[in-house]
There are 4 protein chains.
Amino acid sequence: MGAVKSVRAKRMPRAVREQQMMDAAVQTFGQRGYRAASMDEIAELAGVSKPLVYLYLNSKEELFTACIRREAKALTEAVQAAVEPGLSADRQMWAGLEAFFRHTAENPDGWSVLHHQACTHGEPFAAEVAKMREEIAAFVTGLIAAAARQGVPPAAHRDAELAERDVAGLAQALVGAAESLAAWANETGGVSAKESAGLLMNFAWTGLDRLMRGERWSPQ
Amino acid sequence: MGAVKSVRAKRMPRAVREQQMMDAAVQTFGQRGYRAASMDEIAELAGVSKPLVYLYLNSKEELFTACIRREAKALTEAVQAAVEPGLSADRQMWAGLEAFFRHTAENPDGWSVLHHQACTHGEPFAAEVAKMREEIAAFVTGLIAAAARQGVPPAAHRDAELAERDVAGLAQALVGAAESLAAWANETGGVSAKESAGLLMNFAWTGLDRLMRGERWSPQ
Amino acid sequence: MGAVKSVRAKRMPRAVREQQMMDAAVQTFGQRGYRAASMDEIAELAGVSKPLVYLYLNSKEELFTACIRREAKALTEAVQAAVEPGLSADRQMWAGLEAFFRHTAENPDGWSVLHHQACTHGEPFAAEVAKMREEIAAFVTGLIAAAARQGVPPAAHRDAELAERDVAGLAQALVGAAESLAAWANETGGVSAKESAGLLMNFAWTGLDRLMRGERWSPQ
Amino acid sequence: MGAVKSVRAKRMPRAVREQQMMDAAVQTFGQRGYRAASMDEIAELAGVSKPLVYLYLNSKEELFTACIRREAKALTEAVQAAVEPGLSADRQMWAGLEAFFRHTAENPDGWSVLHHQACTHGEPFAAEVAKMREEIAAFVTGLIAAAARQGVPPAAHRDAELAERDVAGLAQALVGAAESLAAWANETGGVSAKESAGLLMNFAWTGLDRLMRGERWSPQ
DNA sequence: CATGAATGAGCTTTCATTCAT
DNA sequence: AATGAATGAAAGCTCATTCAT
């Protein structure tokens, strides 16, 4: 599943060739990591010669950046498409999580590129990767904030108000939990997107819900 | 902070030199990643010549494995030392989380080696890395299970019982949330270990607590 | 004589470049030995960059093996081409020896690769080298055995019969004598292939001849 | 057999230590070849530290030269001790050959150093190695010449006279045959020194004998 | 007498990248 | 539109050799 066909067809329009190359690149980067992936392997998997890869995508760095962008866009769109604005906050979150788990399960290499390779600190596209993570976190932050606004009775507002920084922290925690759960579900196998989403909702939503109502856990 | 002093002192006993090398290696691996880190850089940072690194630590792979082991041991011990067996489940978890956030904040490079480089799939020490993650997850799984046993009134037991797989999933989610939160706290700065631990307890504990009592969230 | 031209001509077809590289490799291996020969030197002598050598011939080991094969094939073919099946046993042997001495005199580096480097015991291609020696010895063994069958009057057969192991030993001795003589002729200079062949025939043939007739030398 | 004991006994007199080192060196050089043998391995096998090897034997090159000299001396002496001046030429040669085969079978590593590693052309001690071969060849040349003088009736002298160069060539051939036979006997196993000597006498002596009597083989 | 500590230099190998066609 | 030919630069690793004790 997801393996790129390497039938070497000649004379394809540029756009198609580019997609083939990026498919091969995502697969290779996802499985090997940025440094360990070689342009040779990518070109061969794409069924083209190396110079063509350079002609179309300029450099390994740019190729990787393009992969990040494409996969991030695909994931974001999948999640956003699933979140219907009219629903209640918890339903929105559930739908988003379910879409997230489904998409990552269906595109493991793409997800690997986003998730695993996101840590390539010293590399020159670190900024690009960081930006993607920010965007996703911001999206979730928005969801949580919206939920907070919506789900809490005005009377409780003052006490319950979550500091902005706390919301950001929660978003990070949620994203991390989802990522980790997705990886685990992928490796373990047999865990459906719905189950993962349910598990995470149970784990986190009740906590979020209470938080928004002003309840707090504290040592002692 | 954490930068290794590179004063080139000659003729040190082997044990000391080995620690210096591993310090340098952790720093370099943590900041660059396994592949991007070069033995030259590590040696220079350690203030020794490359052959000495090989003489003492045999190969890049073994060096990395040794780093993984050292840092994992340090983190595990820090967490375990903080968790007093006599305490209640939530206090235990809070203490563990606080120790975790404190340790990772104090050893960002070591944490990076464990967390970020944990994804080096094709590399030959992947097993080592995976084992570490398993251990940590197993530890957390144990905590959750213990909490479940302890915190739930016998009457509610039957309904509330969490499937083993769910507990494992929850542990993964919790670890992921903690990891992500730790990374965010580190990057953002100004978020103390106590705050992070509190945030995560609020986020997750109440959920766990409810789960153990048999309450469930479900879409509609 | 035999020195490879290092005119750096660009953009040659692969087959040509490969031959150039192998020429350079044979020369270098022959003069320096396997371990002492460096890929740098081979590449420079071939007039190409090192990566190209690796691109075409994969590794030092494979390159050496390829050299062994090429030179062994050339030598074997030269000898076999000279041995006309119709001739008498002694004429066949003389022709073979003459071709052997001529070929080795004309290709001293190739001969060195086969002869001198044949002793690289610990190296991973030792098997390859050993096989070549076996083949040559087997070829000579065949010649001697054929001569024995042909040159001996049936009446003398029973006594004269040479044990199989003795034939093999004789072949080894003959090959060793030829090798040593070839090396000496090469170094000394001024000794033609015909002279060497004649010397060895005088030295060995009469002995073989007598042996086949059942005459034996024994101490006392 | 021949394996050096590596019991690490301290404070030995220099002469003993030197012999231990050379034993280890001969073994290592013999099995690995000059380049592939490492001073580390030799030192370890000798049960001493590397600096001590350097203190006593100065360099790898000198160490190897010392090995060549020691082993060549041992071999030469073994052969010379076996050749009693009073005997007839053929008995002398048989005795010498038998001693040669016996000694090389008993000291395979030493023999390997002399025989196999003798081909290290580019190395700086090539001269040393060459000298040894010259000496051996000269010794044999002497034997053959003596035999020629002694074994031939004065009347036949004029025609039979072997050119000096031919004698040298014959010596080379004989040495090569003996070397090759010795190697084969060693590898094959189960071939005694006496058998080898007999085989070679049968192979070569009759030829030499006839040669000295003026008989010649010639094509046609 | 003996060694643990240390290194400069070199080796094989790989890779991103570019020409010339 | 596409590629076979080619390389500069760097990485992992090893080794003969030397101090300082």
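Residues numbered from 1 in each chain as written. Chains lettered and ligands numbered in written order. Predicted model: local features only at pLDDT ≥ 70, side-chain atom pairs only at ≥ 80, totals over all residues. Heavy atoms only, no water.

K.L.:
Looking at this structure, how should I read the relation of the copies chain B and chain A?
P.N.:
Copy one and copy two of the chain differ by a rotation about a common axis and a shift along it. Once turned by 179 degrees and shifted 0.1 Å along the axis, chain B lies on chain A with an RMSD of 0.3 Å. Here the transformation between the copies is reduced to the relation of a two-fold axis. In this assembly the copies share their binding face: 96% of the residues contributing to the interface of chain B also contribute to that of chain A. (Least-squares fit on C-alpha atoms with pLDDT ≥ 70 in both. Contact = heavy atoms within 4.5 Å.)

K.L.:
Is there a simple way to explain the packing of aromatic side chains in this structure?
P.N.:
Two aromatic rings, taken as a pair, are described by how far apart their centres are and by the angle between their planes. All told, the structure shown has 32 aromatic pairs over all chains when counted by the stated rule. With centroids separated by 5.9 Å and ring planes inclined at 80 degrees, the aromatic side chains of Phe203(C) and Phe203(D) adopt a geometry described as edge-to-face. In this pair, Phe203(C) is assigned in helix α10 (residues 193-212) and Phe203(D) in helix α10 (residues 193-212), connecting two distinct chains. Residue class for Phe203(C) comes out buried when judged on its relative accessible area of 0%. Taken together through their ring pairs, the aromatic side chains of Phe29(B), Tyr34(B), Phe64(B) and Phe125(B) make up a single cluster. Between Lys60(C) and the ring centre of Tyr34(C), over which it is positioned, the NZ or CZ distance is 4.8 Å. (Phe/Tyr/Trp six-rings, centres within 6.5 Å; stacked < 30°, edge-to-face > 60°. Helix = DSSP H or I, 4+ residues; strand = E, 2+ residues; numbered from the N terminus. Buried < 20%, exposed > 50% of the residue type's maximum accessible area, 1.4 Å probe, protein only. Lys NZ or Arg CZ within 6 Å of the ring centre and 35° of its normal.)

K.L.:
Would you mind showing me how to read the packing of helix α4 (residues 60-82) of chain C against helix α6 (residues 108-115) of chain C here?
P.N.:
Axis angle and axis distance: for two packed helices, these are the angle between their axes and the distance between the axes, and together they describe the pair. Residue and element names in this part refer to chain C. Two elements in contact, α4 and α6, have axes separated by 9 Å at closest approach and are oriented at 110 degrees. Classified by the angle their axes make, α4 and α6 are roughly perpendicular. For the crossing formed where α4 meets α6, the hand is left-handed. Note on element contacts: α6 touches α4 through Gly110, Trp111, Val113 and Leu114, opposite Phe64, Ile68, Glu71, Ala72 and Leu75. Along the lines of polarity and charge, the residues of the contact of α4 with α6 split into seven nonpolar, one polar and one charged. (Axes fitted to C-alpha atoms, helices over the stretch in contact; angles between N-to-C directions. Parallel < 35°, antiparallel > 145°, perpendicular 65-115°, else oblique. Left-handed = near helix turned anticlockwise from the far one by under 90°. Nonpolar A, V, L, I, M, F, W, Y, C, P; charged D, E, K, R; others polar.)

K.L.:
How do you make sense of the interface of chain B and chain A when you look at a structure like this?
P.N.:
Note on interface size: it is often stated as the accessible area lost on association of the parts. Listed per partner, the contact involves 48 residues of chain B and 46 residues of chain A. Ranking the residues of chain B by area buried against chain A places Asn202(B), Phe203(B) and Trp217(B) at the top, with a combined share of 21%. The interface formed by chain B and chain A holds two salt bridges in total. Across the contact surface, chain B and chain A share nine residue pairs in polar contact (both at pLDDT 80 or more). Elements with a minimum of two residues in the side of chain B that touches chain A: α1 (14-32), α5 (89-106), α9 (164-188) and α10 (193-212) of chain B. (Buried area = accessible area lost by both parts, 1.4 Å probe. Salt bridge = Lys/Arg side-chain N within 4 Å of Asp/Glu carboxyl O. Polar contact = N/O pair within 3.5 Å; in protein donor to acceptor, adjacent residues only side chain to side chain.)

K.L.:
Would you take a moment to explain the packing of helix α1 (residues 14-32) of chain C against helix α3 (residues 50-57) of chain C for this structure?
P.N.:
Residues and elements named next belong to chain C. Where α1 contacts α3, the axes come no closer than 10 Å and their chain directions differ by 110 degrees. The orientation of α1 with respect to α3, classified from their angle, is roughly perpendicular. Contact residues: Arg14, Arg17, Glu18, Met21 and Met22 in α1; Leu52, Val53, Leu55, Tyr56 and Leu57 in α3. Its residues assigned to classes, the contact of α1 with α3 comprises seven nonpolar, no polar and three charged.

K.L.:
Honestly, the protein's contact with DNA strand F in this entry has me stumped. Any pointers?
P.N.:
Around DNA strand F, the structure places 39 residues, and the nearest of them are Lys50(B), Lys60(B), Arg11(C), Pro51(C) and Lys50(D). Here the atoms of DNA strand F within 4 Å of the protein split so that 57% fall in sugar or phosphate, with bases taking the remainder. In the model, a base oxygen of DNA strand F is placed 2.7 Å from a nitrogen or oxygen of the Arg11(B) side chain. Between DNA strand F and the protein, one listed contact pairs a phosphate oxygen with a backbone N or O atom of Met39(B) at 2.9 Å. Those elements that provide at least two residues to the surface near DNA strand F are α3 (50-57) of chain A, α3 (50-57) of chain B, α1 and α3 of chain C together with α3 (50-57) of chain D. Looking at which element gives the most residues to the surface near DNA strand F, the answer is α3(A), with four residues. Class assignment for the residues of the surface near DNA strand F results in 18 nonpolar, six polar and 15 charged. (Near = heavy atom within 4 Å.)

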